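Spelled out from the first residue to the last, the chains are:
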Amino acid sequence: MDFGPYLMLATLEGAVTAAVLALTASGLALVFGVMRVVNVAHGEFFMLGAVLAWWVTHILGGSAAFGFVVALIVVPVLVGLLAAFTDMTILKRIDYDPERTIVATIGILYILQQVTLMTYGPDARPVVPPFNTRIALPWLEFVDGKISLYWPWGLSITSYKLAVIGAAVAVLIGLWFLMTRSKLGLLMRATEQDRDMALAFGIPVERVYALVFGLGAGMAALAAVLIVPIQQAHYLMGHDPLLLSFIVVIIGGLGSLPGTVLAALLIGLSDGVISVFFSPTLAKILATLLVALVLVFRPQGLFGARKA
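These figures come from a predicted structure and were not determined experimentally.

## Some thoughts on the overall build of the chain
And then number 1: The secondary structure content of the chain amounts to 11 helices and 4 strands.
And then number 2: Sorting the 308 residues of the chain into buried and exposed places 46% on the buried side.
And then number 3: Surface exposure of the chain reaches about 15400 Å², of which carbon and sulfur atoms provide 70%.
And then number 4: Charged side chains of the chain number 17 positive and 16 negative; the gap between the two group centres comes to 7 Å.

The following block contains the structure:
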């Protein structure tokens, strides 16, 4: 097979990674943007979404499609409610102090991880995708000076992976409409701009914080439900999503959703291409190097606002 088809296949695989990463990192960026909270437990909410997806599909049994659809709806809501409860019972009581919040979310991280280990176990377990048809991908070639299509052997992708990309795009568009075209989004943006002024105008800031924290965790859980038919659910699977989400948020600009999505595309696509042609380790090294360069030359990130 020529280089071109390999590159296209690597780009599509990278697009799947970018789609899931964009959802996960957008939840982290939303929490920091509105609440100014660094949620170190964000990766464990991702892990919890994958594990609960396995539980739901395992308990329901029967049709794989039915169990997956139920998990896709129920799991993000459950994780979001748990995160909102965590915010009201822990973060609210320490008044969202930056240092204590980091320590508190580290504690939440280990609690979620160990409870999952005791109940779910140490084994990695798969979730059956609702559909998984393999689709052959065409490529262009020149024959007698004319362009024609041909189907190289082994150049294919599954229908489920394409559906993951489409679902992520739809959710991100929905998040954008929520933040820019709804009353709830207006309350979030007002709280983000000036908490004290929002309180003065009667905005229930603590409820907004709980909602935002739950929404951010729910987006991470949704990303996990989408990816768990591709990657198996495991109680330690939250580490990489947390690290990559922080990388994406730093590059895109703290609290900037457009910057987060753009950075997720950059990191996801480069990770897919570099992992195929070189190694996954090199992809992580280059991503970390990119973060270092951004912090040195543009500390506010690609889309972050420079402080006066």
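Back to the write-up after that little detour.
## Looking at the nonpolar core
The tendency in soluble globular proteins is for nonpolar side chains to be buried as a group.
And then number 1: Counting 80 residues, the largest nonpolar core has Met-35, Phe-45, Phe-46, Val-212 and Ile-267 as its most contacted members.
And then number 2: Residues in contact with Ile-267, not counting those within four places in the same chain, are Leu-21, Leu-244, Ile-247, Val-248, Ile-251, Ala-287 and Leu-290.

## Description of the side chain of Lys-161
And then number 1: For Lys-161, the position within the fold is in helix α5 (residues 159-181).
And then number 2: Here Lys-161 is in contact with Glu-13, Val-16 and Ile-230, once residues within four sequence places are set aside.

## Notes on the packing of helix α3 (residues 64-91) against helix α8 (residues 205-227)
And then number 1: Interaxial distance between α3 and α8 falls to 7 Å at its minimum, and their mutual angle equals 145°. Considering how the two elements wind past one another, α3 and α8 form a crossing that is right-handed. The residues of α8 that touch α3, namely those facing Phe-68, Ala-71, Leu-72, Val-75, Pro-76, Val-79, Gly-80, Ala-83, Ala-84, Asp-87, Met-88 and Leu-91, are Glu-206, Tyr-209, Ala-210, Phe-213, Gly-214, Ala-217, Gly-218, Ala-221, Leu-222, Val-225 and Leu-226.
And then number 2: Taken together, the residues of the contact of α3 with α8 sort by class into 18 nonpolar, 3 polar and 2 charged.

## Looking at the side chain of Ser-156
And then number 1: Looking at the secondary structure, you find Ser-156 in strand β4 (residues 156-158).
And then number 2: On the basis of relative accessible area, Ser-156 is assigned to the buried category, the value being 13%.
And then number 3: Here the side chain of Ser-156 touches Arg-134 through a polar contact of 2.9 Å, side chain to side chain.
And then number 4: Non-local contacts of Ser-156, meaning those with residues more than four positions away in its chain, are made with Leu-9, Arg-134, Ile-135, Ala-136 and Leu-137.

Cut-offs used in this document
Residues numbered from 1 in each chain as written. Predicted model: local features only at pLDDT ≥ 70, side-chain atom pairs only at ≥ 80, totals over all residues. Heavy atoms only, no water. Helix = DSSP H or I, 4+ residues; strand = E, 2+ residues; numbered from the N terminus. Buried < 20%, exposed > 50% of the residue type's maximum accessible area, 1.4 Å probe, protein only. Areas by Shrake-Rupley, 256 points an atom, 1.4 Å probe, with all protein chains shown as cover. Lys, Arg positive; Asp, Glu negative; His and termini not counted. Charge placed at Lys NZ, Arg CZ, Asp CG, Glu CD. Core = buried A, V, L, I, M, F, W, Y, C linked by side-chain atoms within 4.5 Å. Contact = heavy atoms within 4.5 Å. Axes fitted to C-alpha atoms, helices over the stretch in contact; angles between N-to-C directions. Left-handed = near helix turned anticlockwise from the far one by under 90°. Nonpolar A, V, L, I, M, F, W, Y, C, P; charged D, E, K, R; others polar. Polar contact = N/O pair within 3.5 Å; in protein donor to acceptor, adjacent residues only side chain to side chain.

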